[in-house]
Amino acid sequence: MANVQMQFEQFNDTIRLGRFEENATLREKRDIIRRKLKANLPVVFKKYNEICPEYYFLDQGSYEMDTGTKPLDGDYDIDQGLYFLVSITEWPDPVKLKERVFEALDGHTNRVELRRSCVTVFYSCNDEPLYHVDVAVYSESSMNTDGKSYHAKGKQHSLPENRYWEVSNPQQLSDTIFDKFPGAEDRKQFRRVIRYWKRWKVVNFTAGGASAPNGIGLTLLTYYHFQPRYTDAFANKHNDLRAMRELVEVVLASFQLVYDEDEKAYVERLIVKLPIEPWNDVFDRMTARQMRTLKDKMTVLKDALVYAEGVADTRAACERLQMVFGKDFPVPEKQETASVHPPAITSSGNSA
Amino acid sequence: MSSDRSMWPYTFVRPGGFHFEISVPVWLIMQRFQQSEMHMAEAGGVLLGRHLRDGSAIIVDDITTPLSGDRRARVRFFRAQRRHQAIIDEAWRTSNGTCTYLGEWHTHPEPIPTPSAVDWTDWQRRLISDQYSEPIFFVIVGTKHTSAWEGRRDGGIVPLSLIQR
Ligand SMILES: [Zn+2]
């Protein structure tokens, strides 16, 4: 009923984080890391009497997909792919390659970490996080006999079974996701809905808490279940509220009972498989308790969306949406929503 | 009484599929005057609110309740003009003409309210004599149900159907 499309689009404009091409500040921060690696990698490899392999960079993550949202705490997250022209047989231990990257970046800021999936450089100012750059290391596809690119996984001191090359192709993943919606207008709504999820996540889960669903999971839920919705498709009048409400309802219905070894009981889980190799469940690291919390919070979100769709008053709908999407969701003043009328003159009244 | 955030407003469907909605804060006020007990007198007042710009709905944002000068009995309510009109004028002025007079409300000591002969006569008279932006609404708060009618200057009065939640 209530038409809140204007408020949804305003919300999208507020939370949207542009791509690198549009955002000079973030592009500059990315380029600092690229320059640092260019200068230091040859030196580090030489130190170990190794020849520095050729490599190139690729943007990845939400910047590349244009599904990024501005962080609430100011901690921007920049994703870089670093593709070495080496085969996984030449470098059987992926952590060794990551150690070279780590060494090339170490000391650049006072916090650089070699993590399971990337090497991360943290930037802060007076202990306030400003941004961090995640550098994911790959073995380039043309170098491998099977023609696949591989992502270097594992940390220093990881057991051998936890250091491995995992088939991974972020570009193919991104192409797969967006090719599902070839129409330009459908695709715009698809991206907006992903951003609404992401902001909902930041507002409703404690910062840095491991309990929050990851961004790729929310993106994939949208990929699997989103349907474009319009109030008038011929005039390209979108209906983001309906698209989002239907999506959340389908997602809630897709929780399934799975036996949980830790809880020794059947628990409800969302299983969200990567649509390309290695086909893994991107939520598989969430505990049964985190899954329950996720379902509870999604139910609160659904109730708010149903309410906003059911009331006639735009303002009442927006007030309710602001409770789940946070203060960046605009609530119009009463006057903005109403037409102007001449003064009324009434008479006394009798009723019985 | 809690203002439960999941509480729905009272939304009625108007001719043409448009809506007339009694907001939650207004409903909470009306509820206080429901004649649920024998000793409670009839109450009433005027409806104030917005015509949404896109024409999709008319929203009741505020109401007046019995004021000094009004007369209340078990099945009779007389609303005196002056003090209610002053509130209408004030709301109109402070909202730059967007919060406007939307009609009248009163209570009935019956579960499913129907307008009395006195009500009909008064509504018909008001539709012809008063100055207002069309349409206006008449709300009767019963002990179980609340009903609404829509009136036009030509004297036509039609009942509205409530959306069940
Ligand atoms: Zn009556």
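Our subject in this report is the structure included herewith. (Residues numbered from 1 in each chain as written. Chains lettered and ligands numbered in written order. Predicted model: local features only at pLDDT ≥ 70, side-chain atom pairs only at ≥ 80, totals over all residues. Heavy atoms only, no water.)

## Re the overall build of chain B
How we decide: Elements are defined by DSSP. Helices are runs of H or I of four residues or more, strands are runs of E of two residues or more, and each kind is numbered from the N terminus. Based on C-alpha atoms, the radius of gyration is set beside the globule rule, defined as 2.2 Å times the residue count to the power 0.38. With a 1.4 Å probe rolled over the protein chains alone, any residue whose accessible area is under 20% of its type maximum counts as buried; one over 50% counts as exposed, and the rest are partly exposed. A contact between two residues is defined here by any heavy atoms of the two lying within 4.5 Å. Accessibility throughout is a Shrake-Rupley quantity obtained with a 1.4 Å probe, and a residue counts as covered only by protein chains that appear here. His residues and chain termini do not enter the charge count, which takes Lys and Arg as positive and Asp and Glu as negative. Lys charges are placed at NZ, Arg charges at CZ, Asp charges at CG and Glu charges at CD.
Of regular secondary structure, chain B possesses three helices and 11 strands. For chain B, the sequential pattern of α-helices and β-strands runs β-β-α-β-β-β-β-α-β-α-β-β-β-β. Computed over its C-alpha atoms, the radius of gyration of chain B comes to 15 Å, within 12% of the 15 Å expected for a compact globule of 165 residues. By its C-alpha atoms, chain B is 45 × 40 × 30 Å across when sized along the principal axes. Taken across its 165 residues, chain B has 52% of its residues classed as buried. Contacts in chain B between residues far apart in sequence, at least 24 positions, make up 62% of those at least 6 positions apart. Of the accessible surface of chain B, which amounts to about 7,400 Å², a share of 56% is contributed by carbon and sulfur atoms. Of the side chains in chain B, 19 bear a positive and 18 a negative charge, and the two mean positions are spaced by 3 Å.

## Points about the interface of chain B and chain A
Keep this limit in mind: Summed over both partners, the accessible area (1.4 Å probe) lost when two parts come together is defined as the buried area. Salt bridge, as used here: a side-chain nitrogen of Lys or Arg that lies within 4 Å of a carboxyl oxygen of Asp or Glu. Any pair of N or O atoms that falls within 3.5 Å is considered a polar contact. Within protein, one atom must be able to donate a hydrogen and the other to accept it, and sequence-neighbouring residues count only if both atoms are side-chain atoms. Only Asp, Glu, Lys and Arg are considered charged in this grouping, and only Ala, Val, Leu, Ile, Met, Phe, Trp, Tyr, Cys and Pro are considered nonpolar; every other residue, Gly among them, is considered polar. The criterion for strand pairing is that DSSP finds at least two bridges linking the strands in question.
In this complex, chain B contributes 51 residues to the contact, which on the side of chain A involves 32 residues. Roughly 3,600 Å² is buried in total at the junction of chain B and chain A, and carbon and sulfur atoms are behind 48% of that figure. Across the chain B-chain A interface, the total number found is one salt bridge. Where Asp313 of chain A meets Arg50 of chain B, a salt bridge forms, and the shortest distance between an N and an O atom there is 2.7 Å. Applying the counting criterion to the chain B and chain A interface returns 33 residue pairs in polar contact (both at pLDDT 80 or more). Its residues assigned to classes, the side of chain B that touches chain A comprises 17 nonpolar, 18 polar and 16 charged. The sheet contact formed by strand S12 (residues 349-351) of chain A and strand S6 (residues 76-79) of chain B spans three bridges and is antiparallel. The partner of Ser351 of chain A across the bridge, within S6 of chain B, is Phe77 of chain B.

## Remarks on the pattern of salt bridges
For the structure on display, the rule yields 35 salt bridges over all chains. Where Asp31 of chain A meets Arg30 of chain A, a salt bridge forms, and the shortest distance between an N and an O atom there is 3.1 Å. Both residues of the pair, Asp31 of chain A and Arg30 of chain A, belong to the buried class. When the shortest N-O distance is used, the salt bridge between Lys302 of chain A and Asp303 of chain A registers 3.8 Å. Looking at Lys302 of chain A, the relative accessible area reads 23%, which means it is partly exposed. One salt-bridge network, held together by shared partners, links Arg79, Glu104, Asp122, Arg125, Arg126 and Asp130 of chain B.

## Describing the sheet that holds S6 of chain B
The condition that has to hold: Axis definition: a line fitted to C-alpha atoms, over the contacting stretch in the case of helices. Angles run 0 to 180 degrees between N-to-C directions.
Taken in spatial order, the three strands make up an open sheet running S12(A)-S6(B)-S5(B), and their pairing is antiparallel. Strand pairing shows two members of the sheet lacking a second neighbour, S12 of chain A together with strand S5 (71-73) of chain B, which therefore form its edges. Shown here is a sheet whose adjacent strand axes are inclined to one another by a mean of 10 degrees, direction ignored.

## Section: the environment of Asn236 of chain A
Turning to its location among the elements, Asn236 of chain A is positioned in the loop between strand S8 (230-232) and strand S9 (237-238). Excluding anything up to four places from it in sequence, Asn236 of chain A contacts Glu185 and Tyr230 of chain A.

## Remarks on the packing of aromatic side chains
We describe a pair of aromatic rings using the distance from one ring centre to the other and the angle between the two ring planes. This is how the line gets drawn: Any pair of Phe, Tyr and Trp rings, taking the six-membered ring for Trp, is counted once the centres come within 6.5 Å. Such a pair is stacked with planes under 30 degrees apart, edge-to-face with planes over 60 apart, and tilted for the rest. In our convention, an over-ring charge means Lys NZ or Arg CZ found within 6 Å of a ring centre and within 35 degrees of that ring's normal.
Tallying each qualifying case throughout the model produces 32 aromatic pairs over all chains. With a centroid separation of 5.5 Å and an interplanar angle of 45 degrees, the aromatic rings of Trp123 of chain B and Trp149 of chain B are classed as tilted. Residue Trp123 of chain B is located in helix H3 (residues 117-129), and its partner Trp149 of chain B is located in strand S9 (residues 146-151); the two are separated by 26 residues in the primary sequence. Among the residues examined, Trp123 of chain B registers a relative accessible area of 4% and is labelled buried. Site record: aromatic cluster; members linked through ring pairs are Phe8, Phe11, Tyr196, Phe325 and Phe329 of chain A. Across the ring face of Phe20 of chain A, the terminal group of Arg30 of chain A is positioned such that the distance to the ring centre comes to 4.6 Å. A cation over an aromatic ring shows up here: Lys297 of chain A above the ring of Phe205 of chain A, its NZ or CZ 5.2 Å from the ring centre.

## Describing the coordination of the zinc ion
Condition: In this analysis a donor is any N, O or S atom within 2.8 Å of a metal ion (3.2 Å for sodium, potassium and calcium), and since water is not included, sites may seem incomplete.
The protein atoms that coordinate the zinc ion are Ala352 of chain A (O), His106 of chain B (NE2), His108 of chain B (NE2), Asp119 of chain B (OD) and Asp119 of chain B (OD), at distances spanning 1.9 to 2.7 Å. A residue pair is termed interchain when its members come from two chains, as with Ala352 of chain A in the segment after S12 and Asp119 of chain B in helix H3. Its relative accessible area of 17% is what places Ala352 of chain A among the buried residues. The exposure class of Asp119 of chain B is buried, given its relative accessible area of 0%.

Worth remembering: the numbers are spatial, not functional.
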